[in-house]
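Below are the chains, spelled out letter by letter.
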Amino acid sequence: MNPQHPRISQASIAVHNGELSFGSRKLWSELDLTIQQGEYFAVLGPNGSGKSTFLKVVLGLTQLNSGSISVLGSPAKTGNPGVGYIPQQRPLPTNAPLRARDFVGLGIDGHKWGIRVGNKKQNAVIDQLLEAVGATEYAKVPIGLLSGGEQQRLRIAQALANDPQILLADEALLSLDLNHQYAVSDLIHRYNKEKNATVVFVTHEINPIIDHVDRVLYLANGRFTVGTVEEVMRSEVLSDLYQTQVTVIRTNGRYVVVGGDANAPLDISAGDITHPHCSDHGLGSTYAEREIRA
Ligand SMILES: Nc1ncnc2c1ncn2[C@@H]1O[C@H](COP(=O)(O)OP(=O)(O)OP(=O)(O)O)[C@@H](O)[C@H]1O
């Protein structure tokens, strides 16, 4: 399945016959995919399915074993100024000699050596971004002293600082409280719409971004499927992908993915399934509480 987005026509990211393996571990093969300019594209799948690696391929940090990828019309390469990246969260060094606003400023002139001397226009952009992610009040605090969620908000501001045509977000909402999840999700969505920017959003949980997503790439067990949320988040589609019985439940506009029989006790989430009988399929085996994370 590889429907093209109906509204938009210009390719932003195009993968042709892509294959990627690490040793005997195949992440995907025969991947043909065109993500259009302005599309909001989600990448879902269980741990280790290759979601972050997909972003690294777009960034030119990881090479396909075969096939090709073009980004904004040229082969994927590192340092592409048209691409902004929110990496998966890792704590910043506690002794980093940077204030929050300087960290965001690196998104504008981080490719230059030396101390940054921001001009008026750049400083105004930084102020706007700090405000948009709710970081104004700690703009002058050294980044190493900030909490994980506060640092994450700065990473998002930094990724947007250079006005990228493509924004790659790797679990961008992780470690944010609900208010900031909502604010950041709204910011990314507005950026997507107002600038007609492409968003590729890696996540375990589709629900926080469900209203914004145009299409989904769902990776699992070296296989994949692509389509709209309604096309992909279906029991028969995910059962075929995981090659085991999976039930997708839609409740209050949210998706819940259940491994196996919907009546069995399970640990549930939208995109990461655990079930006592699923360990052979790489779905995990932490069969636990009757918990719904969505
Ligand atoms: N450079 C590399 N060399 C060898 N194996 C790698 C390399 N990069 C990634 N992998 C492996 O590829 C698989 C996919 O990793 P990736 O980080 O893309 O998964 P993910 O879907 O983002 O997982 P998670 O949800 O846990 O973040 C993992 O098994 C990982 O160990």
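Residues numbered from 1 in each chain as written. Predicted model: local features only at pLDDT ≥ 70, side-chain atom pairs only at ≥ 80, totals over all residues.

### Here we look at the environment of Ile188
Phase 1 of the analysis: Within the fold, Ile188 resides in helix α5 (residues 178-194).
Phase 2 of the analysis: Classification of Ile188 by C-beta neighbours within 10 Å gives buried; the count is 24.
Phase 3 of the analysis: Sequence separation between Ile188 and Ile156 is 32 residues, and the spatial gap between their C-alpha atoms is 8.8 Å.
Phase 4 of the analysis: Excluding residues within four positions of it along the chain, Ile188 makes contact with Leu167, Ala169 and Val199. (Helix = DSSP H or I, 4+ residues; strand = E, 2+ residues; numbered from the N terminus. Buried ≥ 20, exposed ≤ 12 C-beta atoms within 10 Å, placed from the backbone. Contact = placed C-beta atoms within 7 Å.)

### Description of the packing of helix α2 (residues 100-109) against helix α3 (residues 120-132)
Phase 1 of the analysis: The interhelical angle for the contact between α2 and α3, taken along N-to-C directions, is 120°, at an axis separation of 10 Å. With respect to α3, the axis of α2 lies oblique. Pair α2 / α3 crosses with right-handed handedness. From α2, Arg101, Val104, Gly105 and Ile108 reach across to α3, where they touch Gln122, Val125, Ile126, Leu129 and Leu130. (Axes fitted to C-alpha atoms, helices over the stretch in contact; angles between N-to-C directions. Parallel < 35°, antiparallel > 145°, perpendicular 65-115°, else oblique. Left-handed = near helix turned anticlockwise from the far one by under 90°.)

### Regarding the confidence of the model for the protein
Phase 1 of the analysis: Averaged over all residues, the pLDDT of the protein equals 83, while 82% of them reach at least 70.
Phase 2 of the analysis: Overall, residues 1-8 carries pLDDT values under 50, and its contacts beyond four positions in sequence, including any with other chains, amount to 18 contacts.
Phase 3 of the analysis: Note on residues 265-294: pLDDT under 50 across the span, and 81 contacts to partners over four residues away in sequence or across chains.
Phase 4 of the analysis: Scoring the predicted complex yields pTM 0.84 and, for the interface, ipTM 0.97. (pLDDT = per-residue confidence, 0-100.)

### Looking at the sheet that holds strand β2 (residues 25-36)
Phase 1 of the analysis: Strand order in the open sheet formed by four strands is β2-β1-β4-β5, with antiparallel pairing between adjacent strands. With partners counted over all chains shown, the strands left at the sheet margins are β2 and β5 (74-75), one partner each.
Phase 2 of the analysis: Bridge count between strand β1 (residues 11-22) and strand β4 (residues 66-71): five bridges; the pairing is antiparallel. Paired with Ile13 across the bridge in β4 is Val71. (Pairing = 2+ DSSP bridges.)

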